[in-house]
Every structure is written in C-alpha cells, then in structure tokens.
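Residue-level structural notes
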Amino acid sequence: MGEIVSINQKRKSPQQRAYEWARREMNMMFPEPDCAILLLGDRAEQYGTHISFFESERHGDPAIYRIFWYSHNAAKYGIISNLAELKKTHPELVELYFKNGIYASEHG
C-alpha cells in the first residue's frame, strides 16, 4: 500500500513544511526551548555542524534554530529572538540557514 499524503500539505511552501517539521521536532525534544539572541559571524558553523533556521509564514509563530552535530548524531533546537536584526546584518547567511532548514526537513 502506498504512502498516505495530505493534499493540504502539498499546497504548503517548502519553507512552511520545513517550519512545521522543525516545530514538531523541537516540541518533542525540547518542550520548553531556550529563547536565544543569536550572534553570527561570516560563518557561524564549525566543522561537523549543520545550522538551520525555520520561519513560519503565519504571523506570530516564533522563528526556530536547529544545530545538528554529525559526530554525536544530536540536535539542539531553540527560539530565535532577534531574527529581524539578523536578516538586516547578515542577509546572505540567514538565507543560507533557511535553505539548510528546508534541506534538513527533507533529509532529516
């Protein structure tokens, strides 16, 4: 028998599907996530890590960050308190982390 897929899920953008995936994961692993003011340099990630951002298309949903460590097969989720500022100061890096979020949700 084939996989059951919601038609409504297919209509959602990749960004929204990624956000919903990350929100489920975060709620399961970190029911009381940290709220963080993130600081980004030229590249905030280190070897062996994968950083992802997730933003909902619905107003009022918190932005989420995910850090995944390959060597430990472990992830940390939290809420981004300063996403608007990061978009202004590091737009290219933030866009990369949003793309990482879509990739992580599809290959999770």
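Scroll up to find the structure.
Presented here is an overview of the structure given in this document. These numbers were taken from a predicted model, which means no experiment stands behind them.

1. Here's the deal with the pattern of salt bridges
Applying the stated criterion to the full structure yields six salt bridges. Here Asp 61 ties to Arg 58 by a salt bridge, and the two come within 3.4 Å at their closest N and O atoms. Three or more residues are tied together by salt bridges with common partners; here these are Lys 12, Glu 20, Arg 23, Arg 58 and Asp 61.

2. Section: the packing of helix H2 (residues 14–29) against helix H4 (residues 91–107)
Contact geometry for H2 and H4: axes closest at 9 Å, N-to-C directions at 65°. The pairing of H2 with H4 is recorded here as roughly perpendicular in orientation. Between H2 and H4 lies a crossing whose hand is left-handed. Every residue of H4 that contacts H2 at Pro 14, Gln 15, Ala 18 and Trp 21 is listed here: Gly 101, Ile 102, Ala 104 and Ser 105. A class-by-class count of the residues in the contact of H2 with H4 yields five nonpolar, three polar and no charged.

3. Some remarks on the environment of Asp 34
Structurally, Asp 34 is set in strand E1 (residues 34–36). With 42 residues separating them in the primary sequence, Asp 34 and Lys 76 have C-alpha atoms 9.7 Å apart. Contacts of Asp 34, omitting those with residues within four sequence positions, involve Lys 76, Gly 78 and Ile 79. Engagement of the side chain of Asp 34 in a polar contact is seen with the side chain of Lys 76, the distance being 3.0 Å.

4. Re the sheet that holds strand E4 (residues 74–80)
Across the sheet, which stays open at both edges, the four strands sit in the order E1-E4-E3-E2 with mixed pairing between neighbours. Strand pairing shows two members of the sheet lacking a second neighbour, E1 and strand E2 (49–54), which therefore form its edges. Looking at each pair of strands side by side, their axes are set apart by 35° on average, direction ignored. Pairing analysis gives three bridges linking E1 to E4, with the strands arranged parallel. When the bridges of E4 are listed, Cys 35 appears paired with Ile 79. Packed on one face of the sheet, H4 meets E2 and strand E3 (63–69) and runs near 95° to E2.

5. Considerations on unusual backbone geometry
Phi is positive for Asn 73, which is not a glycine, with a value near 50°. Residue position: Asn 73 is located in the loop between E3 and E4. Taking the relative accessible area as the measure of exposure, Asn 73 reaches 63% and is therefore exposed.

The rules behind each value
Residues numbered from 1 in each chain as written. Predicted model: local features only at pLDDT ≥ 70, side-chain atom pairs only at ≥ 80, totals over all residues. Heavy atoms only, no water. Salt bridge = Lys/Arg side-chain N within 4 Å of Asp/Glu carboxyl O. Axes fitted to C-alpha atoms, helices over the stretch in contact; angles between N-to-C directions. Helix = DSSP H or I, 4+ residues; strand = E, 2+ residues; numbered from the N terminus. Parallel < 35°, antiparallel > 145°, perpendicular 65-115°, else oblique. Left-handed = near helix turned anticlockwise from the far one by under 90°. Contact = heavy atoms within 4.5 Å. Nonpolar A, V, L, I, M, F, W, Y, C, P; charged D, E, K, R; others polar. Polar contact = N/O pair within 3.5 Å; in protein donor to acceptor, adjacent residues only side chain to side chain. Pairing = 2+ DSSP bridges. Buried < 20%, exposed > 50% of the residue type's maximum accessible area, 1.4 Å probe, protein only.

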